[in-house]
Structure formats: structure tokens, C-alpha cells
Amino acid sequence: MSVDVFAFLVDALKSMNYDTSSVTRETALGANGLELESLAVAEVSIQVEDAYGVRFDEDEAERLAMMTVGDLADEITARMGQK
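Presented here is a report on the structure given in the accompanying data block. As the structure is a prediction and not an experimental result, all values here were calculated from the model.

Focus: helix α2 (residues 38-52)
Across its 15 residues, α2 extends 21 Å between first and last C-alpha, which sits within 8% of the 21 Å expected from 1.5 Å per residue. Taken residue by residue, α2 has A40, V41, V44, S45, Q47, V48 and Y52 as its buried positions. Viewed along the axis of α2, the buried residues span an arc of 165°, placing them on a single side of the element. The exposed residues of α2 that point more than 90 degrees off its buried face are S38, L39 and D50.

This is the structure we're talking about:
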């Protein structure tokens, strides 16, 4: 399932005009990676909630920005299992 979520995240980032051509599970969402700003993290969170029903609180945005794409995919998958 995490592989499907990873693919979803890459597609979401691509639709937000981020260059995803070299994105791997180890690509950082924030600094030294995709450089997502808080508004972009919020947009990804909204897309995740719409697609998977997994919600991230506003106070989690900073922690999300410090994750890799793979970490976020794993977090989403884990939360889906808790529902």
C-alpha cells in the first residue's frame, strides 16, 4: 500500500508543478529536497485527506516538512490502518 501512496504523492507534487523527475523515497519534502513551503505542505495534506481520508492537523505541518516522501507515504499508510 505504501507504494501506491508514494505514487499518489509524486503525482500530487507533479500537479503542483514540482519537478518530480528524480524524486525517490529518500527525497526530503523540505530543505535540501523539494523545498516545500507551508502552503504546499497544506495542499498536499488536503489532497491526502481527499484521497485517503487521513487528516493531518495544522500543528503537524512543520513535522511533515521535515519528512522524506517515503516517510510521509509510510505515515499515511500507518494512519489508514488505524481507521
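After that view, the rundown keeps rolling.
A word on the environment of E49
Following the sequence through the fold, E49 ends up in helix α2. Judged by relative accessible area, which is 34%, E49 ranks as partly exposed. Along the sequence, E49 and E62 sit 13 residues apart, while their C-alpha atoms lie 17 Å from each other. The contact partners of E49, leaving out residues within four places of it in the chain, are V54 and R55.

Here we look at the packing of aromatic side chains
Per the stated rule, a full pass over the model turns up one aromatic pair. Ring centres 5.2 Å apart and planes at 85° place the aromatic pair F8 and Y52 in the edge-to-face group. With F8 in helix α1 (residues 2-15) and Y52 in helix α2, this pair connects stretches of sequence that are 44 residues apart.

Focus on the packing of α1 against helix α4 (residues 69-81)
Between α1 and α4, the shortest axis-to-axis distance is 9 Å and the interhelical angle comes to 125°. Taken together, the axis directions place α1 and α4 in an arrangement best described as oblique. With respect to the hand of their crossing, α1 and α4 are arranged in right-handed fashion. Across the interface between the two elements, S2, V5, F6 and L9 from α1 touch V69, L72, A73, D74, I76, T77 and M80 from α4. Across the contact of α1 with α4, the residue classes tally to eight nonpolar, two polar and one charged.

Conventions used here
- Here, residues in each chain are numbered from 1, in the same order as that chain's written sequence.
- Two thresholds apply to this predicted model, a pLDDT of at least 70 for residue-level local features and 80 or more for giving and counting side-chain atom pairs, whereas whole-chain, interface and lining totals are computed over all residues.
- In computing side-chain values, all of the structure's heavy atoms are included and hydrogens and water are not.
- Numbering of helices and strands starts at the N terminus; helices are DSSP runs of H or I of at least 4 residues and strands are runs of E of at least 2.
- Helix span, as expected, comes to 1.5 Å for every residue beyond the first.
- Each residue gets one of three labels from its accessible area relative to the maximum for its type: buried under 20%, exposed over 50%, partly exposed in between, using a 1.4 Å probe on protein chains only.
- Note: the arc covers the axis-to-C-beta directions of the helix.
- We call two residues in contact whenever any of their non-hydrogen atoms come within 4.5 Å of each other.
- Aromatic pairs are defined between Phe, Tyr and Trp rings, using the six-membered ring for Trp, whenever the two ring centres lie within 6.5 Å; interplanar angles under 30 degrees are classed as stacked, those over 60 as edge-to-face, and all others as tilted.
- Axis lines are fitted to C-alpha atoms, over the contacting stretch for helices. Their N-to-C directions set the angle, which ranges from 0 to 180 degrees.
- What sets the label is the angle itself: under 35 degrees gives roughly parallel, over 145 gives roughly antiparallel, 65 to 115 gives roughly perpendicular, and the rest give oblique.
- Each crossing is labelled by how the near helix is turned from the far one, with a counterclockwise turn of less than a right angle marking it left-handed and a clockwise turn marking it right-handed.
- Amino acids outside the nonpolar list (Ala, Val, Leu, Ile, Met, Phe, Trp, Tyr, Cys, Pro) and the charged list (Asp, Glu, Lys, Arg) are all regarded as polar, and Gly is one of them.

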